[in-house]
Amino acid sequence: MRKARTTTEEKRASLRLAFEGRIAADTSLVVFGSVAREEMTSGSDFDWILLVDGQAQPEHAEQRHAIASELNRLGFQKPGRSGVFGCMIGSHDIVHEIGGEDDTNSNTTRRVLLLLESLPIGNCEAYDRVRRQILKRYLHDDRGLTRSSSAIRVPRFLLNDLTRYWRTVTVDFVYKQRAEAGSKWALRNAKLRMSRKLVFASGLLRCFFCQLDTAAASAREYLAAPRHDISRLLTYMEGELAETALALLARATSRPSIKTDTRRKLFDSYDRFLAILDDQEKRDSLERLTEDEMATSRVWGEIREISHAFHSGLKDLFFGDDEELRKLATDYGVF
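The text that follows walks through the structure, step by step, so that each part is easy to find. (Residues numbered from 1 in each chain as written. Predicted model: local features only at pLDDT ≥ 70, side-chain atom pairs only at ≥ 80, totals over all residues. Heavy atoms only, no water.)

With that settled, the discussion passes to helix 8 (residues 156-179). Compared with the 34 Å implied by 1.5 Å per residue over 24 residues, the 34 Å span of helix 8 between its first and last C-alpha is a close match. Every buried residue of helix 8 is listed here: L158, L159, D161, L162, T163, Y165, W166, T168, V169 and F173. Packed against the buried residues of helix 8 are helix 5 (105-116), helix 6 (125-140), helix 9 (185-212), helix 11 (231-241) and helix 16 (323-332). (Helix = DSSP H or I, 4+ residues; strand = E, 2+ residues; numbered from the N terminus. Expected span 1.5 Å × (residues − 1). Buried < 20%, exposed > 50% of the residue type's maximum accessible area, 1.4 Å probe, protein only. Contact = heavy atoms within 4.5 Å.)

Time to look at the layout of surface pockets. Of the voids in this model, the largest pocket is the one considered here, and its volume is about 1400 Å³. What lines the largest pocket is a set of 45 residues, among which D45, D47, F85, K176 and R188 lie closest to the centre. Ranked by residue count, the leading element in the lining of the largest pocket is helix 8, at 8 residues. Broken down by class, the residue content of the lining of the largest pocket amounts to 16 nonpolar, 13 polar and 16 charged. W166, F200, L204, H311 and F319 are the residues nearest the centre of the second largest pocket, which is lined by 16 residues in total. Split by residue class, the lining of the second largest pocket holds 10 nonpolar, 3 polar and 3 charged. (1 Å grid on protein atoms, 1.4 Å probe; cavity = no way out; pocket = protein on both sides within 12 Å on 5 of 7 lines; lining within 4 Å. Points joined across faces, edges and corners; volume = space filled by probe spheres on them. Nonpolar A, V, L, I, M, F, W, Y, C, P; charged D, E, K, R; others polar.)

Attention now goes to a nonpolar patch on the surface. Taken together, the side chains of F319, V334 and F335 define a hydrophobic patch exposed on the protein surface, amounting to about 380 Å² of accessible area. Considering the arrangement of structural elements, one finds F335 in the segment after helix 16. (Patch = residues over 30% accessible without salt bridge, like charges linked within 9 Å, V, L, I, M, F, W, Y side chains within 5 Å. Areas by Shrake-Rupley, 256 points an atom, 1.4 Å probe, with all protein chains shown as cover. Salt bridge = Lys/Arg side-chain N within 4 Å of Asp/Glu carboxyl O.)

Close contact between helix 5 and helix 6 brings their axes to 10 Å; oriented N to C, the two are set at 105°. Here helix 5 lies roughly perpendicular to helix 6, going by the angle between them. Together, R111, L114 and L115 of helix 5 and Y127, V130, R131, I134, L135 and Y138 of helix 6 make up the contact between the two elements. Across the contact of helix 5 with helix 6, the residue classes break down as 7 nonpolar, no polar and 2 charged. (Axes fitted to C-alpha atoms, helices over the stretch in contact; angles between N-to-C directions. Parallel < 35°, antiparallel > 145°, perpendicular 65-115°, else oblique.)

Next up on the list: the sheet that holds strand 4 (residues 118-121). The strand order 3-2-1-4 describes an open sheet built from 4 strands, whose pairing is mixed. At either end of the open sheet lies a strand with only one pairing partner, and these are strand 3 (87-90) and strand 4. The mean angle between the axes of side-by-side strands here comes to 35°, regardless of whether they run parallel or antiparallel. As defined by bridge partners, strand 1 (residues 27-32) adjoins strand 4 across 4 bridges and the pair is classed as antiparallel. In the sheet register, V30 faces strand 4, and the bridge partner there is P120. Helix 6 rests against strand 1, strand 2 (48-52) and strand 4 of the sheet, and its axis sits at about 70° to strand 1. (Pairing = 2+ DSSP bridges.)

Structure, rendered in structure tokens:
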């Protein structure tokens, strides 16, 4: 994990240097995935969008092409062929189309990842505005958050959309497996078991910390009658989104009730996962592995072992060691 963080810092520095002063005021270059989570390894993918929060201009397309060209020159891998990343995206649908038929898988993916694992490079004004408006939608439209007589203040609208995204990812994994005839099946499965699951867990924690964190106490008071004011919770959650998924997990496992064994299972397994991704031979093996070869693959056996430990640690965290977390996970995370 330390090596991945160092690698990420070096890559971020090269990106900042390359794009300093080159991103227009009404746009932001936004990167996702391991570079945003501080988990970059030697073979990391690189997903990005040009986020536009202003009037459409022909220059935006030119800027997108210039970004793609510069990233290619710097040696960053191209985004996948799905069309979700590596493109120019306007802010309107991301902010306004939450739910309903027009909220496509691509739109949901970009919106949720803007919250949970994104980083602006260069000009960040458009990024900050859009992310704040997304959060404002989730909190403002959540009538139960401000109108409920309960003392529990969990942003359920946001929580439900994060859960929907996680289920969509798992369903789309099977779709891609069929559509692409099993190409890179094992590597995708490994990421689903580990990094994708970590992102979802961090989303749950961000919602639950609204209730558990003493730093959010003032925000919770302002939500209740007679104020019904979301502004303080909005500011609190913006601060929470600045932390990486692993940092959120570390905060959660530092609660006094969390057992040492739970911490070990979570962080030892994730450390081993990143080591596998940083081992070119093992990563190549996962990319080439077919389902028929799973039973005899040593590297796949290692992935299964560490993913089971990681899953067990998450179950202990959310449903075992801590009474408050267990109640929130049971009452809000399941039904």
